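Summary of structural features
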Amino acid sequence: MNDGHDEFLDALESGDGYYLECTDGHGSLPPRVVCPHCGDRDLTETALPDTGSIDSYTVVHVPTPAFADEAPYVTAVADFGPVRLTGRVLADEESVEIGDEVSASVGGADESRSVVFEPR
Amino acid sequence: MIDPRVAGVGLTHFGSHPARTSRDLFAEAGLAALDDAGVDPADVEGVFYGNFMGEIAEHQGHQGPLMAEAIGVDAPATRYESACASSGAALRQAVQNVRNGEADVLVVGGAERMTNLDTAETTEALAIAADDLYEVRAGLTFPGAYALMAAAYFDEYGGEREDLAEIAVKNHANAVGNEHAQFQREITVEDALDAPMVADPLGLYDACPITDGASAAVLVSESYADEHDLDAGVAVTGTGQGGDKMALHDRDALAHTPAASDAADEAFADAGIGTEDVDVAEVHDCFTIAEVLALEGMGFFDAGEGIRAAAEGVTTRDGDLPVNLSGGLKAKGHPVGATGVSQLAELTKLLRGDHHNSEHVSDARVGVAHNAGGTVASATVHVLEIQE
């Protein structure tokens, strides 16, 4: 159990993803009580944009044990405006390009749940 | 404020020693450093020790006191953990302690035991240097994180896998003759390009190996060196440290390492030097792209201009700025917690003239060491100068 992170994944899984927004508009991911970009302590849950774009991606061939059955797989950082996310891209490695539009959801179950991206 | 002198340095062989404990490895490096310095262990006032994954690799936390007793020192000892910059961080603390007069004689060093784990276990252990909740659980490995930085660099500035291969070729060539190096052999660009992929665009030869080893150095005050007539002509004249957001996705840009820029700015200002004064550098090339990001981050090249430095001969051993004459992490090996002080050891030998590559930098007077933790959420930079 990880308070904050679990609730974030629950919301993302049910289609109500959010990020933490400070009064200056910086985005970050929970659990946080302070904006890591400016120190503002006034954070509100703000709806995650439906669409992000891939900033960078890699095809992981040598995984950690938790992903031994998945390799090779694509991991990307995707830009959702005020906040960016890291996740696996649920697409064939040949089809992924920087700039591709993706939506964020949750893959895996229980303790292995994590952010995944689906091409739009 | 008087800069500490490097009185002696010691290294184990960097390589595969799966049955050797970290205390055994550190004993070898630490005693070598004390012998090199000609310092009585009874004079040592503290041990500053870097180690990253001791709990995972050998179920051993609280390693500081263990390492002090391993080298016959009866003094306070503390372990510093800053991922791959652990002993860079330890070094910085030791330098500051000697400078502010807290101590006249300190041992600084680090050790890591890694090859007793298999590749998957080591990959998992190294991944804890990244954000567990938002990076590691999402499938990001440590090579994968640097691959994201490399892909972002290629996208923003251009560059190819061949350019990275030239860095691996250079560093392998530099390791030939280094008795401490894990790989004392040359490779070709074709070898690198034909190697299996680890995390696209990084292949096996873009990555440093998994390594066991230890490093140590004896730092002394100038007055202690004078009183004991030590041959300690190399001083640490600058120290700097920088930090950044832990996760790549929380940074402004993926292809820059501002923590290294901050560390270099601080260290260079501390030493009163500029990039043009630097004769030789050891930088943290855990992956080939990391050498590019390090050199650009420290200001030796503009952003986007460092990728061709090895291919064009600027950073080769006979170039204007020889980089990683030890072989770098790439070929010398990367026992994580030992790396920062191993860079200090290599630069000290280069400046005093007893390094296997000394002939290529015979006039060198200023060296710089760049040590990075995680995806450069932590960075230390140190400046060494000859001060006879």
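Here we summarise the structure given alongside this text.

Analysis parameters
Residues numbered from 1 in each chain as written. Chains lettered and ligands numbered in written order. Predicted model: local features only at pLDDT ≥ 70, side-chain atom pairs only at ≥ 80, totals over all residues. Heavy atoms only, no water. Phe/Tyr/Trp six-rings, centres within 6.5 Å; stacked < 30°, edge-to-face > 60°. Helix = DSSP H or I, 4+ residues; strand = E, 2+ residues; numbered from the N terminus. Buried < 20%, exposed > 50% of the residue type's maximum accessible area, 1.4 Å probe, protein only. Lys NZ or Arg CZ within 6 Å of the ring centre and 35° of its normal. Expected span 1.5 Å × (residues − 1). Arc of directions from axis to C-beta. Contact = heavy atoms within 4.5 Å. 1 Å grid on protein atoms, 1.4 Å probe; cavity = no way out; pocket = protein on both sides within 12 Å on 5 of 7 lines; lining within 4 Å. Points joined across faces, edges and corners; volume = space filled by probe spheres on them. Nonpolar A, V, L, I, M, F, W, Y, C, P; charged D, E, K, R; others polar. Buried area = accessible area lost by both parts, 1.4 Å probe. Salt bridge = Lys/Arg side-chain N within 4 Å of Asp/Glu carboxyl O. Polar contact = N/O pair within 3.5 Å; in protein donor to acceptor, adjacent residues only side chain to side chain. Axes fitted to C-alpha atoms, helices over the stretch in contact; angles between N-to-C directions. Parallel < 35°, antiparallel > 145°, perpendicular 65-115°, else oblique.

Evaluated as defined, the whole model comprises 11 aromatic pairs over all chains. A centroid spacing of 5.1 Å and a plane angle of 55 degrees characterise the contact between Y153(B) and Y157(B), whose relative ring orientation is tilted. Of this pair, Y153(B) and Y157(B) both sit in helix α7 (residues 142–157), separated by four residues, roughly a single helical turn. Using a relative accessible area of 0% as the deciding quantity, one classes Y153(B) as buried. Judged by relative accessible area, which is 28%, Y157(B) ranks as partly exposed. An aromatic cluster is defined as three or more aromatic residues linked by ring pairs; in this entry it consists of F8(A), Y18(A) and Y134(B). In this structure, K330(B) packs its charged tip against the face of Y205(B), placed 5.5 Å from the ring centre.

With that out of the way, let us pick up helix α11 (residues 258–271) of chain B. All names here are of chain B. If you check α11, its first and last C-alpha atoms are 20 Å apart, about what 14 residues at 1.5 Å a residue would give, namely 20 Å. Among the residues of α11, A259, A260, A263, A264, A267, F268 and A271 are the ones counted as buried. Down the axis, α11 shows its buried residues gathered within 150 degrees of arc, on one side only. Away from the buried face of α11 by more than 90 degrees, exposed residues D265 and A269 are located. Along its buried surface, α11 packs onto β8 (234–243), α12 (288–297), β10 (366–373) and β11 (378–386). Directly beyond the C-terminal end of α11, a positive phi value near 70 degrees is found at G272.

Next up on the list: the layout of surface pockets. Space inside the largest pocket adds up to approximately 520 Å³. What lines the largest pocket is a set of 27 residues, among which L204(B), A207(B), C208(B), P209(B) and I210(B) lie closest to the centre. A per-element tally of the lining of the largest pocket places helix α5 (residues 119–127) of chain B first, with four residues. A breakdown of the residues in the lining of the largest pocket according to their chemical character gives 18 nonpolar, six polar and three charged. In this structure, the second largest pocket encloses a volume near 300 Å³. T64(A), A66(A), F67(A), V136(B) and R137(B) are the residues nearest the centre of the second largest pocket, which is lined by 14 residues in total. The residue makeup of the lining of the second largest pocket, split by class, is four nonpolar, three polar and seven charged.

The next point concerns the interface of chain A and chain B. Listed per partner, the contact involves 35 residues of chain A and 32 residues of chain B. Area buried by chain A at its contact with chain B is led by V62(A), R84(A) and T86(A), which between them contribute 21% of it. At the surface where chain A touches chain B, the tally comes to one salt bridge. The residue R32(A) makes a salt bridge to D250(B) at a minimum N-O spacing of 3.3 Å. At the junction of chain A and chain B, the tally comes to 15 residue pairs in polar contact (both at pLDDT 80 or more). Mapped onto the side of chain A that touches chain B, the elements with two or more residues apiece are α1 (5–13), β4 (52–60), β5 (73–79), β6 (84–89) and β8 (114–119) of chain A.

Residue and element names in this part refer to chain B. Running from amino to carboxyl end, helix α8 (residues 161–175) crosses α12 at an angle of 95 degrees, the nearest separation of the two axes being 8 Å. On the basis of their axis angle, the class for α8 and α12 is roughly perpendicular. Contact with α8, carried on its side by L164, I167, A168, K170 and N171, involves T288, I289, E291 and V292 of α12 and no other residues of that element. Partitioned by chemical class, the residues of the contact of α8 with α12 number five nonpolar, two polar and two charged.

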